[in-house]
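Structure assessment
Given next are the chains, with one letter for each unit.
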Amino acid sequence: MVDGQTNNLMFNGEKAAGAVGDVAGSPEVVLRSDFSVDLVTCSATDMDVVRAARVSTVGSESLLEEKGKDYCTGLINYMIRNRHGSPFEHNLLTFYVEAPIFTVRHLMRHRMWSFNEESARYRQLYPVFYLPDSERALRQEGKPGEYRYLAGTSEDHRLVRRQVVPAYRTAWSAYTAMLGAGVSREIARTVLPSGIYTSLYATCNARALMHFLSLRTRSEEAKFPSYPQYEIDRVARQMEQAWSARMPITHLAFNLHGRVAP
């Protein structure tokens, strides 16, 4: 299984093109179990929240606001506790994400975000596909809304690999065969599975991010527990880690008050 090396293979010009091979169709695929999340643009601080809140009482003086940590902490906790959410919208975070298509679709359910994804209409994709790692639970019990996940055995993991890898190879071979015959990319892509990796930019503000985190992470601190799919949970946790370093007071208050978006 290829892990850290696949970033270069998938998205780095010559290396990636060389890995794909002849367009007529190499059945070789690259397996990946990680998810890349990079915070590429950030205009978001705790003081941004304080200034946006203070404009309602001091007007233009808010532009010069330089309150201390204790004041910021008190005000931000008050707003999150009492669900005053709009001051948390005046900031911006843009993430670059590499993940399987089915995981990206979970992200795109959050419609207060903005997205731009690579297009299989305009470029040939690379044969990088998702294979669950040993930490991924494979068995599911119960009914919708009350699922319980069990780790599964080593034989379960071997079975998944035996079934998934040939399917990926078959799909990739069909894709490249059509491209080699001159079929358009937008038609050839129809055979590719949702386990193939894609990349995108995802932009949000802190309020939208908190809402996303409340639904797409599982946390003991959550007032309203959520049970997200494993893969989107791992993406969300990387986003949360990057955001918490930029807005530590807001992040702490988010956790303190049950991980509920204001």
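This structure is a prediction, so every number in the text was calculated from the model and none was measured.

Scanning the chain from N- to C-terminus turns up ten helices and eight strands. Looking at the chain as a whole, 45% of its 262 residues qualify as buried. Considering only contacts in the chain between residues 6 or more positions apart, those separated by 24 or more positions represent 76%. Per element, the accessible surface of the chain, about 13800 Å² overall, is 50% carbon and sulfur.

Even without a glycine there, the phi angle at Arg 83 is positive, about 60°. Take Arg 83: it is sitting in the loop between α4 (69-81) and β3 (92-100). One non-glycine residue, Arg 259, lies in positive phi territory at about 55°. Tracing the chain through its elements places Arg 259 in the segment after α10 (248-256). Using a relative accessible area of 6% as the deciding quantity, one classes Arg 259 as buried.

What follows concerns the confidence of the model for the chain. On average, residues of the chain score 88 in pLDDT, and 88% of them reach the 70 mark or higher. Confidence drops under pLDDT 50 across residues 1-26; counting only partners more than four residues distant or on other chains, this segment forms 59 contacts.

As a further point, take the nonpolar core. Counting residues in each nonpolar core, the largest one holds 61 residues, and the members touching the most others are Ile 76, Phe 95, Trp 113, Leu 209, Phe 212, Met 239 and Trp 243. In contact with Trp 113, other than residues within four places in its own chain, are Phe 95, Leu 107, Ala 202, Thr 203, Cys 204, Ala 208, Leu 209, Phe 212 and Met 239.

Our focus in this paragraph is the side chain of His 251. Along the chain, the position of His 251 falls in helix α10. Beyond its immediate chain neighbours, meaning those up to four positions away, His 251 contacts Glu 240, Trp 243 and Ser 244.

Turning to the environment of His 157, a few remarks are in order. By the element assignment, His 157 lies in helix α6 (residues 154-180). A relative accessible area of 21% places His 157 in the partly exposed class. On a C-alpha basis, the gap between His 157 and Asp 133 in space is 8.3 Å, while along the polypeptide they are 24 residues apart. Beyond its immediate sequence surroundings of up to four residues, His 157 is in contact with Pro 132, Asp 133, Ser 134, Arg 136, Leu 138 and Ala 151.

Taking 1.5 Å per residue as the helical rise, α6 with its 27 residues ought to reach 39 Å, and the 39 Å between its terminal C-alpha atoms agrees with that figure. Buried residues of α6: Asp 156, Val 165, Tyr 168, Ala 171, Trp 172, Tyr 175, Thr 176 and Leu 179, and no others. Phi turns positive one or two residues past the end of α6, at Gly 182, with a value near 95°.

Next up on the list: the sheet that holds β3. Here four strands make up an open sheet; going across it, the order is β2-β3-β8-β4 and the pairing antiparallel. Two strands in the sheet have a free side with no partner beyond their single neighbour: β2 (36-43) and β4 (114-117). Looking at each pair of strands side by side, their axes are set apart by 20° on average, direction ignored. Pairing of β2 with β3 involves seven bridges; the strand directions are antiparallel. Bridging across to β3, Asp 38 finds its partner in Tyr 96. Helix-sheet contacts for helix α5 (residues 101-108) involve β3, β4 and β8 (197-204), and the interaxial angle to β3 is about 150°.

Turning next to the side chain of Asp 156. Tracing the chain through its elements places Asp 156 in helix α6. Classification of Asp 156 as buried rests on a relative accessible area of 12%. If we ignore the near neighbours within four places in the chain, the residues touching Asp 156 are Leu 138 and Arg 139.

It is worth spelling out the packing of helix α9 (residues 230-246) against α10 at this point. Remark: α9 packs on α10, axes separated minimally by 5 Å, with the N-to-C direction vectors making an angle of 125°. Judged by the inter-axis angle, α9 sits oblique to α10. Note on element contacts: α10 touches α9 through Pro 248, Thr 250, His 251, Phe 254 and Asn 255, opposite Glu 240, Trp 243, Ser 244, Ala 245 and Arg 246. Split into classes, the residues belonging to the contact of α9 with α10 amount to four nonpolar, four polar and two charged.

Thresholds applied
Residues numbered from 1 in each chain as written. Predicted model: local features only at pLDDT ≥ 70, side-chain atom pairs only at ≥ 80, totals over all residues. Heavy atoms only, no water. Helix = DSSP H or I, 4+ residues; strand = E, 2+ residues; numbered from the N terminus. Buried < 20%, exposed > 50% of the residue type's maximum accessible area, 1.4 Å probe, protein only. Contact = heavy atoms within 4.5 Å. Areas by Shrake-Rupley, 256 points an atom, 1.4 Å probe, with all protein chains shown as cover. pLDDT = per-residue confidence, 0-100. Core = buried A, V, L, I, M, F, W, Y, C linked by side-chain atoms within 4.5 Å. Expected span 1.5 Å × (residues − 1). Pairing = 2+ DSSP bridges. Axes fitted to C-alpha atoms, helices over the stretch in contact; angles between N-to-C directions. Parallel < 35°, antiparallel > 145°, perpendicular 65-115°, else oblique. Nonpolar A, V, L, I, M, F, W, Y, C, P; charged D, E, K, R; others polar.

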